[in-house]
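Each chain, letter by letter, is given below.
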Amino acid sequence: IMSLRKISEHGNKEGGAASAIRLLQWNILADGLGDDGFLSTEYSPIQEAGGDGAGYEASRFMALVRAAKQQDRAGGLVDKMGALKAAEKTAKKSRTAPEREAAAASAAALRAEIDDKSQLVRLKRRFDGSPQLEAVGKNILAWDVRYDRIKKTVLAARPDVICFQEMDHLHQFARDPEFGAVYSCQLGGDGAAAASSPPFRPTLSPKQPSVGRIRNLLRMISSGFCSEGNSDCVPTGPEEKYVPASYGGDGGDDLCPDNYLAHLLRSRTAFAPKYSSHARNFRAKRPAPPATSDGGANVLDDDGVAIFWRRDVLRPVELGFLRIPSCDNGAVAVVLEEIDTGRRVNVLTAHLPSGDDPNKERERLDVLAHQETAFPAGRTVRGPDGTWTERSYGGAPFDGLLSFVRHYADGGGTTVWALDSNSRPGFPPVGTG
């Protein structure tokens, strides 16, 4: 938890004492990624499958992992692992049978080569069934364990704003009675003011086919998200419902490039998921978990970045999104107004690509600024009468995350950018020219 400096005086146009805003920045490790080669050495010595042998102390075990990864990198297999994930994603996204078949064939060939040659894969097989690693999965990584700990930590610390990365259980957090009584991530959830709030009337993307639009609206109705009295059947009033993205409908995937911003704006939720995320795909392969009272833990969703705020301290006045074309994900911006003073703070969050090789560092830099690429953006703004409407940002298109953040920083008030940059000073310097 970090305590931000006082809301800046240049944003305090009415004068008076400044207020303190406390923010929690947390990459929670997506549930779907918890068993994607994630290693933890809390239980040691770590024995091989079946618990045979004396085992390895934590430092020796991690040395084995590092050596295997170095060998795979030297042999080009780490790059092929990345290519495999890209081919699998392409196979899921492709809309024609020939494209799907070509991507699936490429993925199968890469998978066979990796399984045959990768030292990491061999090491995984060697320790598959290790009692100590299984204990990590059961007692530390299991989502029901982690969710309870995350919730207790947040509610004990009571930050005013939370920025999450790798959130793939947005529905569960939003619908949790205990957590939801304190925090919101959705428009219309700011207490008494929301009760008298007029309907939200977004402009649906003109690129979305009418059949796809009907499909999405029917999904909203079935979830209790819409009011029949509204001619456009869009969310109304203070009711808060989150509907995860759907795939394979007549209008295309909700998170495909043509539909991405329209889906996010229509969701009225400060959440930008990845398109066809690995977390979702991994979770889809698991056996269904036990049902919960409202199904929150069972809802299959992509992982992404999210912003929550305390209902009794702050209320949203603007919600914006930036789509990051190279990563198939986005950034979230929320302008929050302090209920007691009316002062505003701009909060933005994002998650840059991971990886410790120079190419990944260049990819991160290109996400920050890439003049040859237009980064689409959209926002919803609350008017004086409480009506939420979509507005363009105006001016030149954004050319990266930095220009998106700069838009809010130049607009006055305090701007906080809390993100997982996936970089550190120890990485080799990378030229940008």
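This one's a predicted model, so the numbers in the text were calculated from it and none came from an experiment.

1. Observations concerning the overall build of the chain
Each helix and strand in the chain was counted, giving 14 helices and twelve strands. Out of the 433 residues belonging to the chain, those deemed buried represent 48%. Taking contacts inside the chain between residues at least 6 apart in sequence as the whole, the part at least 24 apart equals 71%. Element-wise, carbon and sulfur atoms account for 53% of the exposed surface of the chain, whose accessible area totals about 20200 Å².

2. Considerations on the confidence of the model for the chain
For the chain, the mean per-residue pLDDT works out to 81, and 80% of the residues sit at or above 70. A low-confidence stretch, residues 189–239 stays under pLDDT 50, and its non-local contacts, those more than four residues away or across chains, total 89 contacts.

3. Structural notes on the pairing of strand 11 (residues 388–391)
Sheet topology note: the strand 10 (residues 377–382)/strand 11 ladder contains four bridges and is antiparallel. Counterpart to arginine 379 in the pairing with strand 11 is arginine 391. Hairpin connection of strand 10 to strand 11: five residues between the antiparallel strands, including glycine 386 at a positive phi of 90°.

4. Quick look at the pattern of salt bridges
Enumeration according to the criterion identifies 18 salt bridges in this entry. One salt bridge connects glutamate 318 with arginine 379, and the closest N-O pair in it is separated by 3.3 Å. Of this pair, glutamate 318 sits in strand 7 (residues 314–324) while arginine 379 is found in strand 10, placing the two residues 61 residues apart along the sequence. Classification of glutamate 318 by relative accessible area gives buried; the value is 10%. On the basis of relative accessible area, arginine 379 is assigned to the buried category, the value being 14%. In this structure, arginine 344 engages glutamate 337 in a salt bridge whose closest nitrogen and oxygen atoms are separated by 3.3 Å. With a relative accessible area of 41%, arginine 344 lands in the partly exposed category. The class for glutamate 337 is buried, based on a relative accessible area of 14%. Within the structure, one salt-bridge network assembled from shared partners comprises Asp31, Arg283 and Arg286.

5. Overview of the nonpolar core
Counting 30 residues, the largest nonpolar core has Val161, Ile307, Phe321, Val332, Val334, Leu336 and Val347 as its most contacted members. When contributions to this core are tallied by element, the ones reaching two or more residues are strand 3 (161–167), helix 11 (260–267), strand 6 (304–310), strand 7, strand 8 (329–338), strand 9 (344–351) and strand 12 (414–420). Ranked by residues supplied to this core, first place goes to helix 11 with four residues. Filtering out sequence-adjacent residues up to four positions away, isoleucine 307 remains in contact with Val161, Ile162, Cys163, Ser184, Cys185, Ala270, Val332, Val334, Val347, Leu348 and Thr349. If you look at the next biggest cluster of nonpolar residues, it comprises 20 residues, including Leu24, Trp143, Leu155 and Tyr242.

6. What about the packing of aromatic side chains?
Under the defined criterion, the tally for this structure stands at 18 aromatic pairs. A centroid spacing of 5.8 Å and a plane angle of 65° characterise the contact between tyrosine 56 and phenylalanine 127, whose relative ring orientation is edge-to-face. Taken together, the residues tyrosine 56 in the loop between strand 2 (22–27) and helix 1 (58–74) and phenylalanine 127 in helix 4 (residues 119–127) connect sequence positions 71 residues apart. For tyrosine 56, a relative accessible area of 15% corresponds to the buried category. Relative to phenylalanine 173, the ring of tyrosine 147 lies with its centre 4.9 Å away and its plane at 75°, an arrangement referred to as edge-to-face. On the criterion of sequence distance, the pair formed by tyrosine 147 in helix 6 (residues 143–157) and phenylalanine 173 in helix 7 (residues 170–175) is long-range, its members being 26 residues apart. By the burial criterion, tyrosine 147 is buried, and phenylalanine 173 matches it. In this structure an aromatic cluster arises from ring pairing among Trp143, Tyr147, Phe164, Phe173, Phe179, Tyr183 and Phe308.

7. So, the sheet that holds strand 11
The strand order across the open sheet built from six strands is 11-10-7-8-9-12, with neighbouring strands paired in mixed fashion. Edge strands, defined here as strands with exactly one partner in the open sheet, are strand 11 and strand 12. Each strand of the sheet is rotated relative to its neighbour by a mean of 20°, with strand direction disregarded.

8. Things to note about the packing of helix 1 against helix 2 (residues 77–93)
Viewed as axis vectors pointing N to C, helix 1 and helix 2 meet at an angle of 80°, and their least axial separation amounts to 5 Å. In this view, helix 1 runs roughly perpendicular relative to helix 2, as classed from their interaxial angle. Two secondary-structure elements touch here, helix 1 through Lys69, Asp72 and Arg73 and helix 2 through Leu77, Val78 and Met81. Looking at the contact of helix 1 with helix 2 residue by residue, the class counts come to three nonpolar, no polar and three charged.

9. A closer look at unusual backbone geometry
Residues serine 44 and proline 45 are joined by a peptide bond in cis, for which omega reads 5°. Among the structural elements, proline 45 can be located in the loop between strand 2 and helix 1. Positive phi, close to 50°, is recorded for serine 276, a residue that is not glycine. By secondary structure assignment, the location of serine 276 is in the loop between strand 5 (271–273) and helix 12 (278–284). Note on serine 276: relative accessible area 3%, which makes it buried.

About the cut-offs
- Residues numbered from 1 in each chain as written.
- Predicted model: local features only at pLDDT ≥ 70, side-chain atom pairs only at ≥ 80, totals over all residues.
- Heavy atoms only, no water.
- Helix = DSSP H or I, 4+ residues; strand = E, 2+ residues; numbered from the N terminus.
- Buried < 20%, exposed > 50% of the residue type's maximum accessible area, 1.4 Å probe, protein only.
- Contact = heavy atoms within 4.5 Å.
- Areas by Shrake-Rupley, 256 points an atom, 1.4 Å probe, with all protein chains shown as cover.
- pLDDT = per-residue confidence, 0-100.
- Pairing = 2+ DSSP bridges.
- Salt bridge = Lys/Arg side-chain N within 4 Å of Asp/Glu carboxyl O.
- Core = buried A, V, L, I, M, F, W, Y, C linked by side-chain atoms within 4.5 Å.
- Phe/Tyr/Trp six-rings, centres within 6.5 Å; stacked < 30°, edge-to-face > 60°.
- Axes fitted to C-alpha atoms, helices over the stretch in contact; angles between N-to-C directions.
- Parallel < 35°, antiparallel > 145°, perpendicular 65-115°, else oblique.
- Nonpolar A, V, L, I, M, F, W, Y, C, P; charged D, E, K, R; others polar.

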